[in-house]
Amino acid sequence: MKLFSSILILGILLACNTSKKDTLDTHLFTNDLIHETSPYLLQHAHNPVNWKPYNDAALQQAKKEKKLIIISIGYAACHWCHVMEHESFEDIEVAEVMNKNYISIKVDREERPDVDQTYINAVQLMTGSAGWPLNVITLPDGRPVWGGTYFRKSDWINALEQIQEVYKIEPEKIIAYANRLEQGIKSMDLIELNTEDVDLTQFPTADIIKNFSERFDTKNGGFRGAPKFMMPNNFEFLLRQAVESNDETLLNYVTLSLDKMAYGGLYDQLGGGFSRYSTDEKWHVPHFEKMLYDNAQLVSLYSNAYLVTKKPLYKEVVEETLDFIALDLTNKEGGFYSSLDADSNNKDGKLEEGAFYVFTQEELEDLLEDDFKIFREYYNVNSYGKWEHNNYVLIRKKTNLEIEKEFNISHETLQQKKKSWKQTLLNYRNNRPKPRLDDKTLTSWNAMMLKGYIDAYKTFNNQEYLDIALRNAEFLAKNQLQNNGALFHNYKDGKSTINGFLEDYAFTIEAFISLYQVTLDEKWLNLSKEMTDYSILNFFDEEKHMFYFTSKEDPVIVSRNFEYRDNVIPASNSVMAKNLYKLSKYFDEPRFNEISKQMLKNVLAEVESYPSGFSNWLDLLSNFQNNFFEIVVVGDSASEKIQEFYSHYLPNTILAASNVENNAPLFKNRFVQDETLIYICENNTCKIPVKDSEIAIKSLN
């Protein structure tokens, strides 16, 4: 396969941003993507390439015409996807080569994570790494034979012509390679049933943390190297571990990381919200796209960290991030949009990454006048904060107290100045062309954001956060959840067209469990149970005791694999295992607990060598290793009493409460007329009930 290794793959670029062209009333070209709802697909609807969406009709056409398929995958916030579209897919010469010899299919990876993962695996096998834009050539039956990420026009044309020539003259070579690659894909992300008798309490967590810590960046926070991703689930586990083991050094590392991320240019110092990742080690220059899933998880993380530290910075981050979500990523129905692009038009009308967010020193001096001196020091309008083209990304180094002492001003004065700076600069910034919005709604990401609002409500007791959470939950229940417990994955313009994946079930179940805990409305808990039962029926492998990413109701794309390694988003299997653990207690379902424990055992072999890829599993392991409590409140004042627990960091608990007599497993025979009692239980065995929540909290040891 010398041909396949000889073609230059110019960059495996993990960050990506796709922009939508300003369209006129008439177009020279229109392809089949015009009928789609995905903003990313619609961006390519007027390319000269005869793009087709990923569906059975396109695949059948390839088989009928015996043509190779080009599968090109990206997403709406993908910068290098935009670049390749402009350089190649808008080019007539490129389109002629593609249209003559290939069936070309465009895929929004966020709409079809199943398609994306299959071909990501293929390119990883072929090249060692992969990213977006992802471009793969397959046989007419969809089995991959070649692929890579971003290609310059000349390299792309050359590759297409060479592969077509081989397919025409010696098709057996390509078919043989596809056969070998198919076996490789089927061996990836598979997992064996662990039948050993494992004592989870003796698993070497301390050694794993030590292994984990070797990658800690103790100067800038996060993990060493660049680009630098936030990995919120890693910090959720490390925060819990630090608190439960009373490890001050580990807690200091976690708070250092959260401080540095909040101080960095990664965080929008004016409008709130985080970009996807930093291109450098000090969190300075981000890849400027803002993704819903990052911000959702970070709202939860900073809310939890506030409970532990009471740092005002963390409250500010949560409030500003949720202001950003409400302003820019929320639709009229209560659903959440997917992302904001990194690219927008600069002063010259050309698309430029970060153009919306950065400032020149001259702009800042004109806008802030006498306050510029303090502002410059606060946000490093100097060599530390300089980026490119004489632009500055606002980034902090000093605390508020350090600035107050340096300029001899009070805390109140600095806060007033910050408020004035932000309003002035936002008014100016909002007159610039805005980054493009990906206004599709994804069930899994919405559920993450729903949980973020719930966690913020519990921490800060802001009723508005709960109201927004309830509105979103009702949106999901009305539009995405079907009567049989099945979910849809996507929603746009009143349409839900794609069946849900395991991630949709896992995150929605998790969010609805959390919503039950703050509303005490059993509707949400019962819906969680219904979706879990559906998932076991349609996704669960009884032999391996893991959940497939796709339902048995949907066609297989090359292979049907398990997603079990945590990444920037926790793996759907790890989230589902945690859900089962909690639901086993709410519904007294021993089988749920058994499945959860077996799933955890299945992944233990990999955990020690790659802890950062299993942080959510490690969080579940903590449930089995340490005391895990059911906090049950029963009585007339249960709703009020349960709120007294929210101001405490209690990761090793579930909450349940009822104002009336209730025969559910956690409440049975525990209601006493005219009393409100708090039961602290383990595995349905309870201590003597108390009336004082502080006494109950002290017993959680």
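Above this text sits the structure in question.
Because the structure is a prediction, the values reported are computed rather than measured.

Criteria and cut-off values
Residues numbered from 1 in each chain as written. Predicted model: local features only at pLDDT ≥ 70, side-chain atom pairs only at ≥ 80, totals over all residues. Heavy atoms only, no water. Axes fitted to C-alpha atoms, helices over the stretch in contact; angles between N-to-C directions. Helix = DSSP H or I, 4+ residues; strand = E, 2+ residues; numbered from the N terminus. Parallel < 35°, antiparallel > 145°, perpendicular 65-115°, else oblique. Contact = heavy atoms within 4.5 Å. Nonpolar A, V, L, I, M, F, W, Y, C, P; charged D, E, K, R; others polar. Buried < 20%, exposed > 50% of the residue type's maximum accessible area, 1.4 Å probe, protein only. Salt bridge = Lys/Arg side-chain N within 4 Å of Asp/Glu carboxyl O. Left-handed = near helix turned anticlockwise from the far one by under 90°. Pairing = 2+ DSSP bridges. Core = buried A, V, L, I, M, F, W, Y, C linked by side-chain atoms within 4.5 Å. Phe/Tyr/Trp six-rings, centres within 6.5 Å; stacked < 30°, edge-to-face > 60°. Lys NZ or Arg CZ within 6 Å of the ring centre and 35° of its normal. Patch = residues over 30% accessible without salt bridge, like charges linked within 9 Å, V, L, I, M, F, W, Y side chains within 5 Å. Areas by Shrake-Rupley, 256 points an atom, 1.4 Å probe, with all protein chains shown as cover. Lys, Arg positive; Asp, Glu negative; His and termini not counted. Charge placed at Lys NZ, Arg CZ, Asp CG, Glu CD. Disulfide = S-S within 2.5 Å.

Asker: Explain the packing of helix α16 (residues 400-407) against helix α17 (residues 411-429) here, please?
Answerer: When two helices pack together, you describe them by how their axes are tilted relative to each other and by the distance separating the axes. As a packed pair, α16 and α17 sit with axes 10 Å apart at the nearest point and diverge in direction by 105 degrees. Relative to α17, the element α16 lies roughly perpendicular. Note on element contacts: α17 touches α16 through His411, Leu414, Gln415 and Lys418, opposite Asn400, Ile403 and Glu404. Residues that form the contact of α16 with α17 fall into these classes: two nonpolar, three polar and two charged.

Asker: What am I meant to see in the side chain of glutamine 241 here?
Answerer: Within the element layout of this structure, glutamine 241 appears in helix α10 (residues 232-244). With a relative accessible area of 15%, glutamine 241 lands in the buried category. Not counting chain neighbours up to four residues away, the residues in contact with glutamine 241 comprise Thr205, Ile209, Asn246, Leu250 and Ser622.

Asker: Can you help me understand the pattern of salt bridges in this one?
Answerer: Should the charged atoms of two oppositely charged side chains come close, the side chains can pair. Here the structure, examined in full by the defined rule, presents 40 salt bridges. Linking aspartate 217 and lysine 228 is a salt bridge whose minimum nitrogen-to-oxygen distance equals 2.7 Å. Taken together, the residues aspartate 217 in the loop between α9 (205-213) and β6 (228-229) and lysine 228 in strand β6 connect sequence positions 11 residues apart. On the basis of relative accessible area, aspartate 217 is assigned to the buried category, the value being 7%.

Asker: I keep staring at the packing of helix α11 (residues 248-263) against helix α13 (residues 312-328) and nothing clicks. Help me out?
Answerer: Here α11 crosses α13 at 50 degrees, and the two axes come no closer than 11 Å. Viewed along their axes, α11 and α13 adopt a mutual orientation that is oblique. Considering the relative orientation of α11 and α13, their crossing is left-handed. Contacts from Thr255, Leu258, Asp259, Ala262 and Tyr263 in α11 reach Leu313, Tyr314 and Val317 in α13. For the contact of α11 with α13, a count of residues per class yields six nonpolar, one polar and one charged.

Asker: Any chance you could explain the sheet that holds strand β2 (residues 68-74) here in plain terms?
Answerer: In space, the five strands of this open sheet follow the order β1-β3-β2-β4-β5, with mixed pairing throughout. Whereas interior strands pair on both sides, the edge strands pair on one side only; in this sheet they are β1 (52-53) and β5 (144-148). When strand β4 (residues 134-138) meets β5, the two strands line up antiparallel, connected through four bridges. The partner of valine 136 across the bridge, within β5, is glycine 147. Against the sheet, helix α3 (residues 56-65) contacts β1, β2 and β3 (102-108), and its axis sits at roughly 165 degrees relative to β3.

Asker: When you look at unusual backbone geometry in this model, what are you seeing that I'm missing?
Answerer: Negative phi characterises most residues that are not glycine, and trans characterises most peptide bonds. In this structure, the amide linkage connecting tryptophan 132 to the following residue, proline 133, adopts the cis form with an omega of 5 degrees. Summarising the element assignment, proline 133 is placed in the loop between α6 (113-127) and β4. Each neighbour pair has its own omega, and for alanine 226 with proline 227 the value is 0 degrees, a cis peptide bond. The backbone phi angle of aspartate 493 is positive, close to 55 degrees, even though this residue is not glycine. Structurally, aspartate 493 is set in the loop between β17 (490-491) and α20 (502-519).

Asker: What am I meant to see in the sheet that holds strand β22 (residues 676-682) here?
Answerer: Two strands in a sheet stick together by hydrogen bonds in their backbones, pointing the same way (parallel) or opposite ways (antiparallel). Across the sheet, four strands lie side by side as β21-β20-β22-β23; this open sheet has mixed pairing. Each edge of the open sheet is held by one strand with a lone partner, namely β21 (653-658) and β23 (685-686). The pairing of strand β20 (residues 629-635) with β22 spans six bridges and is antiparallel. Note that in β22 the partner of glutamate 630 across the bridge is cysteine 681.

Asker: Where do I start with the environment of lysine 478 in this structure?
Answerer: Along the chain, lysine 478 turns up in helix α19 (residues 463-479). Residue class for lysine 478 comes out exposed when judged on its relative accessible area of 71%.

Asker: I keep staring at the nonpolar core and nothing clicks. Help me out?
Answerer: Among soluble globular proteins, nonpolar side chains are generally buried collectively. Ranked by internal contacts, the top residues of the largest apolar core, which has 216 residues, are Trp156, Leu238, Tyr302, Phe547 and Trp617. Sort the elements by how many residues they give to this core and α20 lands first, with 11 residues. Once residues lying within four places of it in the same chain are set aside, the contact partners of leucine 238 are Ile209, Phe212, Phe216, Leu250, Tyr253 and Val254. Grouped together as the second largest cluster of nonpolar side chains are 18 residues, Phe375, Tyr378, Tyr379 and Leu414 included.

Asker: Help me understand the packing of aromatic side chains in this model?
Answerer: The geometry of an aromatic ring pair comes down to the distance between the two centres and the angle between the two planes. Tallying each qualifying case throughout the model produces 43 aromatic pairs. Every member of this aromatic cluster is reached through a ring pair, and the members are Trp51, Phe89, Trp146, Phe151 and Trp156. Just above the ring of tryptophan 132 sits the side chain of arginine 109; from NZ or CZ to the centre is 3.8 Å. Taking the ring centre of phenylalanine 324 as reference, the NZ or CZ of lysine 290 above it sits at 4.1 Å.

Asker: Even after reading the chapter, I still don't get a negative patch on the surface, so can you show me in this structure?
Answerer: Side chains of Glu362, Glu365, Asp366, Glu369 and Asp370 sit close together on the surface and give a patch of like negative charge. Take aspartate 366: it is sitting in helix α14 (residues 361-368). Overall, the relative accessible area of 62% leaves aspartate 366 in the exposed class.

Asker: Is there a simple way to explain the state of the cysteines in this structure?
Answerer: Simply put, disulfide is the name for a covalent bond between the sulfur atoms of two cysteines. As enumerated under the stated definition, the model contains two disulfides in all. Between the sulfur atoms of cysteine 78 and its disulfide mate cysteine 81 the distance is 2.2 Å. Between cysteine 78 and cysteine 81 the sulfur-sulfur dihedral comes to about 80 degrees; the bridge is accordingly right-handed. A single burial state applies to cysteine 78 and to cysteine 81, both of which are buried. What pairs with cysteine 681 in a disulfide is cysteine 686, and their sulfur atoms sit 2.0 Å apart. Judged by the torsion about the S-S bond (90 degrees), the cysteine 681/cysteine 686 disulfide is right-handed. Classification of cysteine 681 by relative accessible area gives buried; the value is 0%. The exposure class of cysteine 686 is partly exposed, given its relative accessible area of 27%. Cysteine pairing for the protein chain (bonded cysteines numbered in sequence order): 1-2, 3-4.

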